[in-house]
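For reference, the chains in residue letters:
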Amino acid sequence: MIIILKHGASDDEVETVSQKLRDHGYQPNVTRGVEDTIIAAIGSPSLSEKEMVAPQLQALEAVERVLFVSKPYKLVSRESHPADSVLDIQGVKVGGQQICVMAGPCSVENREQVMTTAQAVRESGAQILRGGAYKPRTSPYDFQGLGLEGLEILAAARKATGMPVITEVMTPSLVEQVCEYADVLQIGARNMQNYDLLKEVGRCRTPAMLKRGLSSTIEEWLKAAEYILAGGNSNVMFCERGIRTFEPSTRFTLDLSAVPAIKKASHLPIIVDPSQGTGRRDMVIAMSKAAIACGADGLLIEVHPHPEDAMSDGQQTLDIAQFNTLMHDLKPIAAAVGRSL
Ligand code: PEP
Ligand code: MN
């Protein structure tokens, strides 16, 4: 059940409604937006929701409307929030009219590599710098990332370029540390159902990008996002990064139908990652265009000054000239769907 309060509801009124919910055995989850205050009632009530609880709530002065959300992902659902949510990442908007491009190396390798890439992608029009400091690698013998040193390099690049930074956090115990350096927390595909991590990210207020699990359904993905919102962090975006299928010619199968599916089910923005999604540099530009055409709010693109020397994912990484071409080629596609780059 979602309770929408009247415009300008006071803190006391919010508390009165919350207390009523607690009396009925719910846990109230309050989200205060610029205009509206919404309270999600989490848990099962002791009395019938429709016949007993809702009329009592409706009788309270501060309550505008009581919504029954049939979906198991309540706060994430479009039913609870019909308008698109627009996230604000240090002034960069995600989910609005402008397409947001996040670009940078798969892994942070050294200061020079990150600085060179950051400056180049910014000049081409990227708004957010990506780079992995803690890397989830399939083999324990592969490069595992620079960890804290990598975060420091990303922070230096942010200072030099003014670009907000997105980087992955893999462990609940490191959320606090990564929040000190990152403007967006990336939750990797392999961690989409790491519920302790989702709960910890729900407790912080740093925006998060939740990648789709390698074999996860859309509904599992929506429920995973609900963990973060239920914890109180509503700054969440999705990222489609390809799923496992029987097809071996690409590393994963980029499921672009996830974009309209998520747009229909949820108010949260969705980004597409054609780099992990295909595993092939020669497909990144085409799939980026397709992603924008089908309604994605942004892209996550791997870029490296010398992809052939990259310590991870070089085969799917664009060089600086190719990234510049991509940004140029996307402009007419964005314009055709009423967006700008
Ligand atoms: C990445 O972005 O480099 C990455 C490891 O992503 P994913 O979790 O989608 O594999
Ligand atoms: Mn990668």
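An account of the accompanying structure is given in this report. Along each chain, residue indices are assigned from 1 in the same order as the chain's sequence is written. Ligands are numbered from 1 and chains lettered from A, in the order in which they are written. Where totals are concerned, whole chains, interfaces and linings use all residues; where local detail is concerned, this predicted model gives features only for residues with pLDDT of at least 70, and gives and counts side-chain atom pairs only at 80 or more. No hydrogens and no water enter the side-chain calculation; it runs on all heavy atoms of the structure.

1. Points about the pattern of salt bridges
Any two side chains of opposite charge can pair if their charged atoms end up close together. Each salt bridge in this description consists of a side-chain nitrogen of Lys or Arg and a carboxyl oxygen of Asp or Glu lying within 4 Å of one another. This structure, assessed with the given rule, holds 16 salt bridges. Residue Asp-183 is joined to Arg-158 by a salt bridge in which the shortest nitrogen-to-oxygen separation is 2.9 Å. Here Arg-158 lies in helix H4 (residues 148-161) and Asp-183 lies in the loop between helix H5 (175-181) and strand S10 (184-187), a separation of 25 residues in the sequence. Judged by its relative accessible area of 6%, Asp-183 is buried. A single salt-bridge network, built from bridges that share partners, covers Arg-212, Glu-240 and Asp-255. Only DSSP runs of H or I reaching four residues or more are called helices, and only runs of E reaching two or more are called strands; each is numbered from the N terminus. Only protein chains enter the accessibility calculation, which uses a 1.4 Å probe; a residue whose area is less than 20% of its type maximum is buried, one above 50% is exposed, and one in between is partly exposed.

2. Side note on the side chain of Ser-80
Looking at the element boundaries, Ser-80 is found in the loop between strand S4 (63-67) and strand S5 (87-89). Polar contact criterion, stated in full: a pair of N or O atoms within 3.5 Å, where within protein one must be able to donate a hydrogen and the other to accept it, and residues adjacent in sequence count only if both atoms are side-chain atoms. Looking at Ser-80, its side chain comes within polar contact range of the main-chain oxygen of Ser-77, at 2.9 Å. By definition in these notes, contact holds between two residues if any of their heavy atoms fall within 4.5 Å. The contact partners of Ser-80, leaving out residues within four places of it in the chain, are Ile-2, Ile-4, Ile-38, Leu-67, Val-69, Lys-74, Leu-75 and His-267.

3. Thoughts on the site of ligand 1
Lining the immediate surroundings of ligand 1 are Cys-106, Arg-130, Lys-135, Pro-136, Gln-186, Gly-188, Ala-189, Arg-190, Lys-211, Arg-241, Gln-276 and Glu-302. Within the side chain of Lys-135, a nitrogen or oxygen atom sits 3.0 Å from an oxygen atom of ligand 1. For the area figures, the Shrake-Rupley method with a 1.4 Å probe applies, and any residue is considered shielded solely by the protein chains shown. When ligand 1 sits alone it has 290 Å² of accessible area, and the protein chains cover 97% of it. Residue composition of the shell around ligand 1, grouped by class: three nonpolar, three polar and six charged. Residues are labelled near a given molecule or strand when at least one of their non-hydrogen atoms is within 4 Å of it. Here the term charged refers only to Asp, Glu, Lys and Arg, the term nonpolar to Ala, Val, Leu, Ile, Met, Phe, Trp, Tyr, Cys and Pro, and the term polar to all other amino acids, Gly among them.

4. Some thoughts on the packing of helix H3 (residues 111-124) against H4
The interhelical angle for the contact between H3 and H4, taken along N-to-C directions, is 35°, at an axis separation of 9 Å. Seen along the crossing, H3 lies across H4 with a hand that is right-handed. Within the contact between the two elements, H3 uses Arg-111, Val-114, Met-115, Ala-118, Gln-119 and Arg-122 and H4 uses Ile-153, Leu-154, Ala-156, Ala-157, Ala-160 and Thr-161. Across the contact of H3 with H4, the residue classes tally to eight nonpolar, two polar and two charged. Axis definition: a line fitted to C-alpha atoms, limited for helices to the stretch in contact. Angles are taken between N-to-C directions and run from 0 to 180 degrees. Note on convention: near helix rotated counterclockwise from far helix by under a right angle means a left-handed crossing. Clockwise means right-handed.

5. Here we look at the pairing of strand S7 (residues 100-104)
Extensive coverage of S7 is indicated by the burial of five of its five residues. Where burial is concerned, the two faces of S7 agree: the one with Cys-100, Met-102 and Gly-104 and the one with Val-101 and Ala-103 are both buried. When DSSP finds at least two bridges between two strands, those strands are taken to pair. Alignment of S7 against strand S14 (residues 298-302), held across five bridges, turns out to be parallel. If you follow Val-101 over to S14, its bridge partner there is Leu-299. Pairing between S7 and strand S8 (residues 128-130): two bridges, direction parallel. Directly across from Met-102, in S8, lies its bridge partner Ile-128. Note that the unit made of S7, H3 and S8 has a crossover that is right-handed. The definition of a right-handed crossover adopted here requires that, viewed with the strands pointing away, the path from the first strand over the helix to the second runs clockwise.

6. Digging into the sheet that holds strand S1 (residues 2-5)
Read from one edge to the other, the open sheet built from four strands follows the order S2-S3-S1-S4, with strand pairing classed as antiparallel. Of all strands in the sheet, those with a lone pairing partner are strand S2 (27-32) and S4, marking the two edges. Here the strands of the sheet are splayed against their neighbours by 20° on average, with no regard to which way each runs.

7. Digging into unusual backbone geometry
At Gln-90, a residue that is not glycine, the phi angle is positive and equals roughly 50°. Within the secondary structure, Gln-90 is located in the loop between S5 and strand S6 (92-94). Given a relative accessible area of 62%, Gln-90 falls into the exposed group. You will see that Asp-313, though not glycine, has its phi angle at about 55°, which is positive. By secondary structure assignment, the location of Asp-313 is in the loop between S14 and helix H11 (320-336).

8. Notes on the side chain of Asn-233
As for its position among the elements, Asn-233 is in the loop between helix H7 (218-230) and strand S12 (236-240). For Asn-233, a relative accessible area of 0% translates into the label buried. Ignoring any residue separated from it by four or fewer positions in sequence, one finds Asn-233 in contact with Val-201, Gly-202, Cys-204, Arg-205, Thr-206 and Ile-228.

These values are about where atoms sit, not about what they do.
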